[in-house]
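In case you want the letters, here they are:
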Amino acid sequence: MTNNTFDYIVVGAGHNGLSAACTLGESGRSVVVVDQLPFLGGLSASRAWVPEAPNHLLSVGAMDDMLMAQTPLTEELGLKKFGYQPIPLDAPYGWINEDGDTLLLFRDFDRALSDIRYFSPKDAKTYAEIRPTLDLIMDLVEKLVVRHPTLTKADLAKLAVRLLPDRKSRALLSKMLVLSVFEMISETFESDAMRGLWAYWTSMLGPADLEGTGVYLMGYHATHRKQGVLRPQGGMTGLMNAFAGKIAAHGGEIRLGAGVQQITVSGGRAAGVRLADGTELRARHGVLASCAPQVTLSTLLPEGTLDQRLTNKVAMIPANGVNVAAFKIDFAIGGRIDYPKAAAKRRDGFDVRRTTLMTGTLEEHYSHLLTTKRGEIVETPPVYMAVLSASDPTIAPAGQDVLYLHSNVPADPIGGWDANKDLYTQTIVKSAERFLSGLDAEIGRVVHTPKDFEDRFSTPKGCYFHVDMTPLRLGTNRPARELGGYATPVPGLYLAGAGSHPGGTVNGWCGRLAAQTAIADES
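Quick notes on the rules
- Residues numbered from 1 in each chain as written.
- Predicted model: local features only at pLDDT ≥ 70, side-chain atom pairs only at ≥ 80, totals over all residues.
- Heavy atoms only, no water.
- Axes fitted to C-alpha atoms, helices over the stretch in contact; angles between N-to-C directions.
- Helix = DSSP H or I, 4+ residues; strand = E, 2+ residues; numbered from the N terminus.
- Parallel < 35°, antiparallel > 145°, perpendicular 65-115°, else oblique.
- Contact = heavy atoms within 4.5 Å.
- 1 Å grid on protein atoms, 1.4 Å probe; cavity = no way out; pocket = protein on both sides within 12 Å on 5 of 7 lines; lining within 4 Å.
- Points joined across faces, edges and corners; volume = space filled by probe spheres on them.
- Pairing = 2+ DSSP bridges.
- Core = buried A, V, L, I, M, F, W, Y, C linked by side-chain atoms within 4.5 Å.
- Buried < 20%, exposed > 50% of the residue type's maximum accessible area, 1.4 Å probe, protein only.

Let's talk about the packing of helix α8 (residues 192–205) against helix α13 (residues 362–373)
Packing of α8 against α13 leaves a shortest axis separation of 8 Å and a crossing angle of 30°. In terms of orientation, α8 and α13 fall into the roughly parallel class. Taking contact as the criterion, the partners of Asp192, Arg195, Gly196, Ala199, Tyr200 and Ser203 in α8 are, on α13, Leu362, Glu363 and His365.

Quick look at the layout of surface pockets
Its volume calculated, the second largest pocket comes out at about 300 Å³. Thr126, Glu129, Ile130, Leu172 and Thr188 are, among the 17 residues lining the second largest pocket, the residues nearest its centre. Counting residues per element, the ones that place at least two in the lining of the second largest pocket are α4 (121–145), α6 (167–178) and α7 (181–188). By residue number, the principal contributor to the lining of the second largest pocket is α4, which donates seven residues.

Re the sheet that holds strand β17 (residues 442–448)
Taken together, the seven strands give an open sheet; going across it, the order is β7-β6-β14-β15-β16-β13-β17, and neighbouring strands pair in mixed fashion. Of all the strands in the sheet, just β7 (102–105) and β17 have a single pairing partner and so form its edges. The sheet shows a mean angle of 20° between the axes of neighbouring strands, direction not considered. Of the strand pairs in this sheet, strand β13 (residues 324–333) and strand β16 (residues 401–410) are connected by 10 bridges, and their pairing is antiparallel. Directly across from Val324, in β16, lies its bridge partner Pro410.

Quick notes on the nonpolar core
One finds Tyr127, Trp198, Tyr339, Met385 and Leu405 to be the most contacted residues of the largest nonpolar core, which totals 101 residues. A total of eight residues in this core trace back to one element, the largest contributor, which is α8. Among all residues touching Leu405, those that are not within four sequence positions of it are Phe327, Lys328, Ile329, Phe331, Val383, Tyr384, Met385, Ile428, Val429 and Ala432. One finds Ala21, Ala69, Ala515 and Ile519 within the second-largest nonpolar core, a separate group that totals 39 residues.

Some points on the pairing of strand β10 (residues 260–266)
Regular strands show a simple pattern: their side chains alternate between the two faces of the sheet. Where β10 lies against strand β11 (residues 269–275), six bridges are found, and the strand directions are antiparallel. In the sheet register, Gln262 faces β11, and the bridge partner there is Arg274. Adjacent in sequence and paired antiparallel, β10 and β11 are bridged by two residues, among which Gly267 carries a positive phi angle near 60°.

If you want it as structure tokens, here you go:
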């Protein structure tokens, strides 16, 4: 590591930073990736978080590939040559109530309809009827994900008309663009199972009561398309290691435990980075930052680089702006996690341990949302439970499990997180124990509040997506008007993370498109 001059420097070794470095490397550019963390992958890492359980790989952030699997990214980068082994999920997501009734959203559409029909024949009919329109919308989304967000409103309108040729499809899309997603769910489905399943997932994406978030209704639709939902073998680090192998094959470097103190600017242009230990790295062409834009364009830039207007714009970028954030508890279990009531009541014998199960009715989710926005706690919050080792036994010893437990909480609770962490942990675990058994065999756990996520991973307010995924913070408006399209007001500095197009979730295109933009700017 004696060479400290490269064509490009990438800040952040999460999936977008690694995707950017792969893209730069395959184009013949020299590249180094630097990250403050001592491990690869950032919030997309699966690792032994519990010292007493070195063979239990826990995923505190991302666990599934839903969007990347719908695009050609892994094929374009040839990641399977570097060890990427995706596991297709038969029934990736589902809903459970306290009686043990379960609705499983199978990849096979007809099988999914059968499960929905058990709760509501009308909902099954509705889901079948809206599928063609959702497919057309997903066609549009997939076309936009893999390209630079330069389309004008007129271009988008023409594309929408071409892909949504019938009046019924356009009417549904228009409705989705006007209503909040909770309103959309209420007007589309009648059963608690379908309403609750959609309510949980969409509440994780953004402000579920905001007008225009009705587009989140299509959130699960990738389940039934192409490869469906994939889970990398070995946890998300299995995918991260494949990225790293691709980078190494092109002569790139990855330096972990190398936090960036500042992005250096010379002659008004990004010239490199200064690491926390004082090391200076120089970039011939540019710096790509996959960290949050609020960090890149504020904390990491020399004071005064941006004028006051732009400084204000960056400060006002919303991250968990309605005070709703993720709380995670990840368990290493010395035995088996089960859903006893659900297993006994399943009509087809399918192992529900292989499905990520969500709880709560639409009404409970709405009440929870209002309480959370006030910074308060509810007695039995809806929970999201995934026995990750049930689908991937490589991440735990034989006969033992890894449990991923999530709930929505206030980003800033009344009284702060120091006073509330234990209370929220106990409340969320107690809520989950209404549905599952086996926690008495716990070896250990790791708990992340929104503040923990911010402190450890530099995610503002604990926002996984860096910038709220609202309808007006997408495309060229992501992360903000004038700051979309990867290039920043500082020549040679590019935004390559989830705060740029196409946004959050595991997709890799934020980094790849930023790298392609940087290369195009060389001339």
